Amino acid sequence: MANNTIEVKITAENEGFVEKLQQVVTAIKGAKDSAEHGAAATQGFSSKLANLGMVVTGVYAGLTMLKTAIDGTVGAVLNYNAQMENNEAAFEVFLGNTQLAQQYLGDLKKIAADTPFDLPGVTTAGKKLLAFGFDAETSLKMLRSIGDASAGLGLGTEGIERITLALGQIKA
């Protein structure tokens, strides 16, 4: 059967033994202090590394949001330009030439700026009035009046659409 006993025998033959033993104890204590200091430094480094990770994550998230915003803005600008080209082509068909179409579209932009309605709503109403057979000058005057009436009644863009349709049906 195995014996689980450890025996340590220390014999001192040297009168400087106590001094040497004190040096060993001091060296062990120094190693312990050094290890604790190293652990504290490592913990501080680990904490700073974690903070750096959070900063990098925040910067990445910010850049991702910025990219999304830029993509959305560029997409909106491209969509707006495409819509304006489509509107110009439609007005060119109604009015007979590019110059009149550009002038009419410019007048619609002024109406949209002067009223609480957006350009797409005013443009759609302008197309409808031209499609119902109103000439460009009459349709612009009517759009101003329709916009004023719709705003006064608090009807919004839907009001412009309804009034425009009613006037077109009356003309037809």
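Coordinates for the structure precede this section.
Residues numbered from 1 in each chain as written. Predicted model: local features only at pLDDT ≥ 70, side-chain atom pairs only at ≥ 80, totals over all residues. Heavy atoms only, no water.

**Student:** How should I be thinking about the overall build of the protein in this particular structure?
**Tutor:** Helix and strand content of the protein: five helices and zero strands. Ordering the α and β elements of the protein from the N terminus gives α-α-α-α-α. Looking at the protein as a whole, 19% of its 172 residues qualify as buried. Long-range pairs, those at least 24 residues apart, make up 56% of the contacts in the protein with a sequence separation of at least 6. With an accessible surface of roughly 12500 Å², the protein has 60% of that area assigned to carbon and sulfur atoms. (Helix = DSSP H or I, 4+ residues; strand = E, 2+ residues; numbered from the N terminus. Buried < 20%, exposed > 50% of the residue type's maximum accessible area, 1.4 Å probe, protein only. Contact = heavy atoms within 4.5 Å. Areas by Shrake-Rupley, 256 points an atom, 1.4 Å probe, with all protein chains shown as cover.)

**Student:** Could you clarify how one ought to interpret the packing of aromatic side chains in this entry?
**Tutor:** The tally for this structure, following the rule as stated, stands at one aromatic pair. The ring centre of Phe 134 lies 5.2 Å from the NZ or CZ of Lys 171, which sits over that ring. (Phe/Tyr/Trp six-rings, centres within 6.5 Å; stacked < 30°, edge-to-face > 60°. Lys NZ or Arg CZ within 6 Å of the ring centre and 35° of its normal.)

**Student:** It is not clear to me how the environment of Ala 90 should be interpreted in this structure. Could you clarify?
**Tutor:** Tracing the backbone shows Ala 90 in helix α1 (residues 17–95). Sequence separation between Ala 90 and Lys 127 is 37 residues, and the spatial gap between their C-alpha atoms is 7.7 Å.

**Student:** I'm lost on helix α2 (residues 98–114) in this one. Help?
**Tutor:** Because each turn of an α-helix spans 3.6 residues, side chains separated by three or four positions in sequence point in the same direction. Across its 17 residues, α2 extends 24 Å between first and last C-alpha, which sits within 8% of the 24 Å expected from 1.5 Å per residue. Within α2 the residues assigned to the buried category are Ala 101, Tyr 104, Leu 105, Leu 108, Ile 111 and Ala 112. Down the axis, α2 shows its buried residues gathered within 115 degrees of arc, on one side only. In α2, the exposed positions that point more than 90 degrees away from the buried face belong to Gln 99, Lys 110, Ala 113 and Asp 114. Capping the start of α2 is the job of one residue whose side-chain oxygen sits 3.1 Å from the backbone nitrogen of Gln 99: Asn 97. (Expected span 1.5 Å × (residues − 1). Arc of directions from axis to C-beta. Polar contact = N/O pair within 3.5 Å; in protein donor to acceptor, adjacent residues only side chain to side chain.)

**Student:** I'm lost on the packing of α2 against helix α4 (residues 136–152) in this one. Help?
**Tutor:** Interaxial distance between α2 and α4 falls to 10 Å at its minimum, and their mutual angle equals 10 degrees. When the interaxial angle is binned, α2 and α4 end up roughly parallel. Residue-level inspection shows Tyr 104, Asp 107, Leu 108, Lys 110, Ile 111 and Asp 114 of α2 in contact with α4, the latter providing Ala 136, Ser 139, Leu 140, Leu 143 and Arg 144. Looking at the contact of α2 with α4 residue by residue, the class counts come to six nonpolar, one polar and four charged. (Axes fitted to C-alpha atoms, helices over the stretch in contact; angles between N-to-C directions. Parallel < 35°, antiparallel > 145°, perpendicular 65-115°, else oblique. Nonpolar A, V, L, I, M, F, W, Y, C, P; charged D, E, K, R; others polar.)

**Student:** Would you explain the pattern of salt bridges in this entry?
**Tutor:** Where charged atoms from two side chains of opposite charge approach closely, those side chains can pair. Taken as a whole, this structure holds three salt bridges when the rule is applied. Across the pair Arg 144 and Asp 114 runs a salt bridge whose closest N-O atoms are separated by 3.5 Å. Here the residue Arg 144 occupies a position in helix α4, and Asp 114 occupies one in helix α2, the gap between them amounting to 30 residues. Here Glu 137 makes a salt bridge to Lys 141, at a shortest N to O gap of 3.4 Å. (Salt bridge = Lys/Arg side-chain N within 4 Å of Asp/Glu carboxyl O.)

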